Structure formats: structure tokens, C-alpha cells
Amino acid sequence: PALFKEALEGRHINLVKEIVADWPFPSFPVGALMKTPNLETLQAVLDGVDMRLTRKFHPRRTKLQVLDLRNVHHSFWNIWTGEEDSSCSAENLEKPVVKVFPKYALRDQRVKVIVELCIWSCLDEAQTYFLKWAQQRKASLHFCCTKMKIWRLPVHAIREIMNVFDPQHITELELHAEQTLLDLEDFAAYFGQMRNLRKLFLEALQGMISSNRNETRDREANYMKNFISQFCKFNCLQHLCVHFLRDHMNQVLGCLMTPLETLSVTCYIISQNELNSFSCCKSLFQLKHLELRGVILHDVDIMSLRGFLEKVADTLETLDLQCCRMKDSQLYALLPALRHFSQLTTVKFYSNKFSMPILKDLLQHTANWSRINVEQYPAPLECYDDSAQVSVERFAQLFRELMDTHRAIRQPKNISFATEICYTCGERCVYHNGPRLCCCWQ
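Analysis parameters
Residues numbered from 1 in each chain as written. Predicted model: local features only at pLDDT ≥ 70, side-chain atom pairs only at ≥ 80, totals over all residues. Heavy atoms only, no water. UniProt positions renumbered as here; feature names shortened; annotations may be inferred. Phe/Tyr/Trp six-rings, centres within 6.5 Å; stacked < 30°, edge-to-face > 60°. Helix = DSSP H or I, 4+ residues; strand = E, 2+ residues; numbered from the N terminus. Buried < 20%, exposed > 50% of the residue type's maximum accessible area, 1.4 Å probe, protein only. Expected span 1.5 Å × (residues − 1). Arc of directions from axis to C-beta. Core = buried A, V, L, I, M, F, W, Y, C linked by side-chain atoms within 4.5 Å.

As annotated in an unreviewed UniProt entry, the protein chain is PRAME family member 8-like from Rattus norvegicus. Listed in UniProt under the heading Sequence similarities (unreviewed entry), the comment for the protein chain reads: "Belongs to the PRAME family."

Shown next, in the form of C-alpha cells:
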């Protein structure tokens, strides 16, 4: 291991290849040493794997089981460079670092190659090389991607990438793609095999039936139904972030099989039935983090949200209701639920339309928020003039009044009040330990 680190740092390519080919330990966490992507180094490591596959080893020689290409810290290297800590031993570190599922234990003896992928719009050189290499060696190696983040790739490219990896090893999937309903047919089958998925982020899947032909509409509806049904197969899901499937949220929630810790629904026009479904979904009753940023709430009956917040008052730690276009009457309806939060650490209300009296009332309902660290509230409506421009002097005066109200209840830690985003400069005026004005007012 010490020799390999020296060879890698000095870019002694041939030596890197030889050490990889002759690696004597079951686990090889080489990704922990490759802090910055380097095509030449990656090629050397993969060439070493190829050399290993073609060589014949002594039958008593330890076989490589896991090649870990993830850029994450690994204690293995501390052990072999004399920096061992008391909780680690060389014996423990020789164990594979990826879970082996029972059905693979006996019949799949291939070396497992573990990666994390983060792809923005297009593949870089190293990613292109690795994926091509992996596609050609699927029969001799077992490829596992634990975390996969893909932004704006064509559907066919996403499909090619996913076909390389065993979906059962994906624990985090973040997919930002412009897919249509017709694209979901092939994706749903792969999606449903991610049995160990813990975190799922899906954005911009087109959830609306787009065709006027009855035959096509029926087919698209079946695709959507099939896609949503895959959520029933997620036995480990804890964090769900969605920005898609309009008018289908209640169906998704109805399919959940495990308690969620995080629910994030952003930039969404929610229906009353969907909002009502929150209170009926037992998988949400232990929720720790709720984000409804950009979910338009001013046209719905807010009482169903109040009922849901009352059910999670003992567990909720983060509440994000920014940009929901709520008004005084809706916040007033939520106050009885908000006052009972005992675990809350973060609350965000920016970009809602609240008056000075309701903001004072809100602050007076926060006495139980003993764990709160971050509070973000909108500037009161009274700080704007008739043309919706901010009166800086008025804002400063109102901010002082609100802080006096707040300190009479409890001592704030990190609190701020902010105006709407300025249409000219794209910034807010924020009062946080003093004023921070947008560019137009500086």
C-alpha cells in the first residue's frame, strides 16, 4: 500500500499497473487516493485490472473482491502508512466494503467495481473512458454505483449508463431529465429493481397526458401507473424529493412502504386532494424534514396541512415553506400546529405575504422552539409602498419591532427577515444582525 501511494503520487504509470495487477488484499479502495479526476491515472488502474483478469494466480493467493473507485475517505490507507487508530485493524479492513446480497453470494464471484457518478449535461473524459471500459467487461466484473446523479442527459444516454450497473446497489439516485411519459416504459423496470434505494430525487419528468388521441392517452396512462407502482418496491426509502408527476402525488404517497425522514416537493401546483393525502399517509408520520418550497398554497384549504403538521409536531426538525404565496389567514390557521413543535431546528418562510401583526403573532407562538437554530421570515407587507418598492427606513423600523417581540419570547440564534427578490438586481434586502441591502439600494 505505501509503495502504491508513492507510485500514484509520482504518476509512475507502469508501476501503478503492476501493483493493481498483483494486489494482495480483498479490498482495494483506490478512489480514496484519486482526489482529482485524472484520465491517465484512471487508465493505469483499469489497465492493471485487465492485467489481473488475464493472469493466473497461485490458488492460495488472496483474491481481490472489491475495487472501490469512490472518492471517499477510507481507513485502509491509514493502517498501512502507520496511522492506525484504535478502532481499526488490518483484519477488519480486508473485508469487502459493499453489501453482498444473498442471491449473489454463491453464484457471483466476480470482482465488484464500486463507483459514484455525478454527470452534468455531458460525460467528461474520465467518465466516458470508464463507462466504455465497463460496458466491454460486464461479463467478467460486477459494476456497482452507490450514488448516481445525472443532470440533463438524453434518455438513451441515461439508459446506457444504467444498464452498466446492478440497480440493487444504488442507494441514492438524483435524476434531472426531460423525459416524457413514453420514456417511462423502459425506465420503470430498472427503477423498480433499486430495492436498497434510500434517497430519491426526481425532477422534470413530464406528468401530464400530452396526446389528444385516445389510444395514445390510454397507453401513457398505463405507463404512468406502472412507473408509480415501482415505489411499492422501495423497502429502504427514507428521503424523497420530487418535482414531477402533477396530480399523482397522492398515488406516490399511497405506495410508500417505509417511514420517510425527508419529503421535498418543490415548484408545484398542488391540488386539494394531494394536500389532503399527507394526513392519510402513515409513512409521513415520523417525518423530520418537510420542504414545500414553491408549492402554491394560497388557493387550497390550509386546514389539511395544519392537521398534518400536528401529527409530525414531535419529530419535525426542518420546515421550509418558502415561496408558497401564503397570506395572513393561512398562517393564522397554522399557528396552533406551529406552537407545538419541540424538535424544530430550521424554519423558512421567505416570499410569503404576511403583515406585521401576523408576524408578531407567529413569533409569540415560538416559545417551545428551544432547539431552533435558523429562522427566516418575510419582510412584513407594511415595508412596501404602493408601487411595491421597499422603504428601507420603514423596513429597519419594523425589523427592530419584530426583534423586540422575539426577544420577549426567547433569545434568537440565527434570525433574518427578507424582502421579495428585487426584479432589477435579483437580490433581497435582508436584515440579519443589521441591514444587507440589495444592489439597487446600496
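### Points about the packing of aromatic side chains
In the structure shown here, the tally under the stated rule is 26 aromatic pairs. Centroid distance phenylalanine 28 to tryptophan 77: 6.4 Å. Interplanar angle 55°. Geometry classified as tilted. Pair noted here: phenylalanine 28 is in strand β1 (residues 27-28) and tryptophan 77 is in helix α4 (residues 76-80), with a separation of 49 residues, a long-range link. The exposure class assigned to phenylalanine 28 is buried, which follows from its relative accessible area of 0%. For tryptophan 77, a relative accessible area of 3% puts it in the buried group. For the pair phenylalanine 130 and phenylalanine 143, a centre-to-centre distance of 6.1 Å together with 80° between the ring planes defines the contact as edge-to-face. One end of the pair, phenylalanine 130, is in helix α7 (residues 125-136); the other, phenylalanine 143, is in strand β4 (residues 141-151), and 13 residues separate them in sequence. These aromatic residues form a ring-pair network of at least three members: Phe349, Phe354, Tyr377, Phe395, Phe399, Phe417 and Tyr431.

### Focus on α7
The first and last C-alpha atoms of α7 sit 17 Å apart over 12 residues, in line with the 16 Å expected at 1.5 Å per residue. Within the span of α7, buried status applies to Ala126, Gln127, Phe130, Leu131, Trp133 and Ala134. Axial view of α7: buried residues confined to an arc of 160°, hence all on one face. Among the exposed residues of α7, those pointing more than 90 degrees away from its buried face are Glu125, Lys132 and Gln136.

### Section: the nonpolar core
Counting 132 residues, the largest nonpolar core has Phe130, Phe165, Leu309 and Leu338 as the members making the most contacts within it. Looking at which element gives the most residues to this core, the answer is helix α16 (residues 392-409), with 7 residues.

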